[in-house]
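# Close look at the chain arrangement
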Amino acid sequence: MRSILLKASVALAAMAIVTACSSSGGSSSNTSPAAAGSPTSGAAAASTGGGGGGTGNVKTGLKIAVIPKQVNQPYFDAAFAGAKKACQEIQAKCDQIGPTQATGAAQTQFINSAVQQGYNAIVISAADADSVVPALKKAQSSGITVVTYDADVNDMSARSAMITPTTPQQIGQYQVKWISEAIGSGGGEIAILSAAANAANQNAWIKYMKQDLPNYPQLKLVDTVYGNDDTTLSTQKAVALMQAHPNLKGIISPTTVGIAASAKYIDSSSYKGKVQVTGLGLPSQMKSFVNDGTVKEFGLWDPSKLGYLGIYAAAEKISGANLASSGVTAGGQTYKLDGQGVVIVGPPQVFNKDNIDQFQF
Ligand code: RAM
């Protein structure tokens, strides 16, 4: 594993130092400003055993289904790489199964089939915060442990824990700050291009963006549209935004699919330099747009950590842990659950011209 220490100075968190890993699915260590739910080291080291894989406290031989919002999506493939690493460590069989369209209805079929196929656990990023709940509850009543990662369900009784990358408030506020910096002091109209209208993660971030916008009186939010994490639809929505709002100065897209689609379109259009784009993206997909100046700054986290912790949370629960009191122990760290069963992995990472080439995911 090759590690590179990178500094990202940001206004909201004084300094975040992230160790970026080049190996697929590698877990990276992370020192972050103290925050609720952030990892603590300690007893964890004893229980995550070394050597022959597996951990002292976790059953081996488990069968775990990882259900992303959609398959063939680089963000979720990166998350699954982390899941696979955890599964190797605990000697579990781990499969990524899921739909090509990010909808709750399509995911429900995969939840039901995971139940029929005898998986011990489902680790899921909910494409729709409500519609997958009945199937997840049915899975739980058949004895299957459910953990959400990346995007939660609205009914917390439908899962044992939720692995979230960073606090929704922080990630909402960062995105407003990035678009403000990209547009400059003159400000102007901005719009949001999101994923699905009922995606809990994007909706939480948008809520906090809206709460923060009064701190930027020079910015005016004129529209919020949904590209459903579909590249074609996201591109169409971005184009429609610019046509409907000729004075638009910026797009915030809090989804790796939407930001890449918007940046790609703007890069080769007359909007380049006129409409700024920021949000949440994968460095591997955004590199060329940052290096040619279409995108100045955006952010994310290491998706592999979500998969890695999701597997450990599920395996520890199955092995008898009370996650609410013990937390989730993975990679030599123990992560506490908050009152809603949510584990916060760490701070976001900001990407710009100075550092983007050094990230591999
Ligand atoms: C997309 C998905 C995912 C989200 C990222 C930022 O890949 O919507 O749920 O967390 O963007």
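What counts, and where the lines are drawn
Residues numbered from 1 in each chain as written. Predicted model: local features only at pLDDT ≥ 70, side-chain atom pairs only at ≥ 80, totals over all residues. Helix = DSSP H or I, 4+ residues; strand = E, 2+ residues; numbered from the N terminus. Buried ≥ 20, exposed ≤ 12 C-beta atoms within 10 Å, placed from the backbone. Contact = placed C-beta atoms within 7 Å. Near = placed C-beta within 6 Å. Nonpolar A, V, L, I, M, F, W, Y, C, P; charged D, E, K, R; others polar. Domains from an automatic or database assignment. Pairing = 2+ DSSP bridges. Axes fitted to C-alpha atoms, helices over the stretch in contact; angles between N-to-C directions. Parallel < 35°, antiparallel > 145°, perpendicular 65-115°, else oblique. Left-handed = near helix turned anticlockwise from the far one by under 90°. Core = buried A, V, L, I, M, F, W, Y, C linked by C-beta atoms within 7 Å. pLDDT = per-residue confidence, 0-100. Expected span 1.5 Å × (residues − 1). Arc of directions from axis to C-beta.

Moving on to the overall build of the protein chain. Summing up its helical and strand segments, the protein chain has eleven helices and 18 strands in all. A burial count over the protein chain gives 55% of its 361 residues as buried. Across the protein chain, contacts joining residues at least 24 apart in sequence account for 73% of those joining residues at least 6 apart.

As a matter of local geometry, the ligand sits amid 13 residues, with Y75, A195, T255, T256 and L280 nearest to it. By residue class, the composition of the shell around the ligand is five nonpolar, five polar and three charged. Counting contributing residues, the shell around the ligand receives three or more from each of domain 1 (2-166 + 302-352) and domain 2 (168-300).

Quick look at the sheet that holds strand β10 (residues 188-194) now. Pairing is parallel across the open sheet formed by four strands, whose spatial order is β11-β10-β12-β13. Two strands bound the open sheet, and with one partner strand each, they are β11 (219-226) and β13 (276-279). Adjacent strand axes in the sheet meet at a mean angle of 25°, parallel and antiparallel pairs treated alike. Across seven bridges, the pairing between β10 and β11 is parallel. Looking across to β11, one finds that G188 is bridged to L219.

Attention now moves to the packing of helix α2 (residues 74-89) against helix α10 (residues 303-318). Between α2 and α10, the shortest axis-to-axis distance is 6 Å and the interhelical angle comes to 40°. Classified by the interaxial angle, the pair formed by α2 and α10 is oblique. The two elements α2 and α10 meet at a crossing, and its hand is right-handed. Listed contacts from α10 to Y75, A78, A79, F80, A81, G82, A83, K85, A86 and C87 of α2 are P303, S304, K305, L306, G307, Y308, G310, I311 and Y312. Among the residues forming the contact of α2 with α10, the class breakdown is 13 nonpolar, four polar and two charged.

Reading across from one edge, β6-β5-β7-β8-β9-β17 is the order of the six strands in this open sheet, with parallel pairing throughout. Sheet topology places β6 (93-96) and β17 (342-344) at the edges, where each strand pairs with a single neighbour. Each strand of the sheet is rotated relative to its neighbour by a mean of 20°, with strand direction disregarded. The pairing of strand β8 (residues 145-149) with strand β9 (residues 161-164) spans three bridges and is parallel. Looking at the pairing, V147 lines up with A161 of β9. Its contacts with the sheet place helix α3 (residues 104-116) against β5 (63-67) and β7 (121-124), and it is angled at close to 180° to β5.

Closest axis-to-axis distance for the α3/helix α4 (residues 133-141) pair is 9 Å, and the angle between their directions is 10°. Of the possible angle classes, the one that applies to α3 and α4 is roughly parallel. Every residue of α4 that contacts α3 at T108, I111, N112, A114 and V115 is listed here: A135, L136, K138 and A139.

Attention now moves to the nonpolar core. A general feature of soluble globular proteins is that nonpolar side chains tend to end up buried together. Core analysis: the largest hydrophobic core is formed by 112 residues, its most contacted members being I64, I122, V123, L309, I311 and V343. At nine residues, α2 tops the list of elements feeding residues into this core. There are two domains that each give this core at least three residues, and those are domain 1 (2-166 + 302-352) and domain 2 (168-300). The residues touching L309, leaving out its near neighbours within four places in the chain, are I163, V328, A330, Y335, V343 and V345.

Here we come to the environment of K287. Turning to its location among the elements, K287 is positioned in helix α9 (residues 283-291). Here K287 is in contact with I356 and D357, once residues within four sequence places are set aside.

What follows is about the confidence of the model for the protein chain. Regions with low pLDDT carry predicted coordinates that are not meant to be interpreted in detail. In this model, the protein chain carries a mean pLDDT of 87, and residues with pLDDT of at least 70 account for 84%. Note on residues 1-54: pLDDT under 50 across the span, and 115 contacts to partners over four residues away in sequence or across chains.

A few words now on helix α5 (residues 168-183). Helix length check: α5 (16 residues) gives 23 Å between terminal C-alpha atoms against 22 Å at 1.5 Å per residue, within 8%. With 13 of 16 residues buried, α5 is to be regarded as a mostly interior element. Once α5 finishes, G184 follows within two positions and takes phi at roughly 95°, a positive value.

What follows concerns α3. Along an α-helix, residues three or four apart share an orientation, since each turn contains 3.6 residues. Along its 13 residues, α3 runs 18 Å from first to last C-alpha, staying within 8% of the 18 Å computed at 1.5 Å per residue. All of the buried residues along α3 are G104, Q107, T108, F110, I111, A114 and V115. Viewed along the axis of α3, the buried residues span an arc of 170°, placing them on a single side of the element. Buried residues along α3 sit in contact with β5, β7 and α4. Looking one or two places after α3, you find G118, whose phi comes out positive at around 75°.

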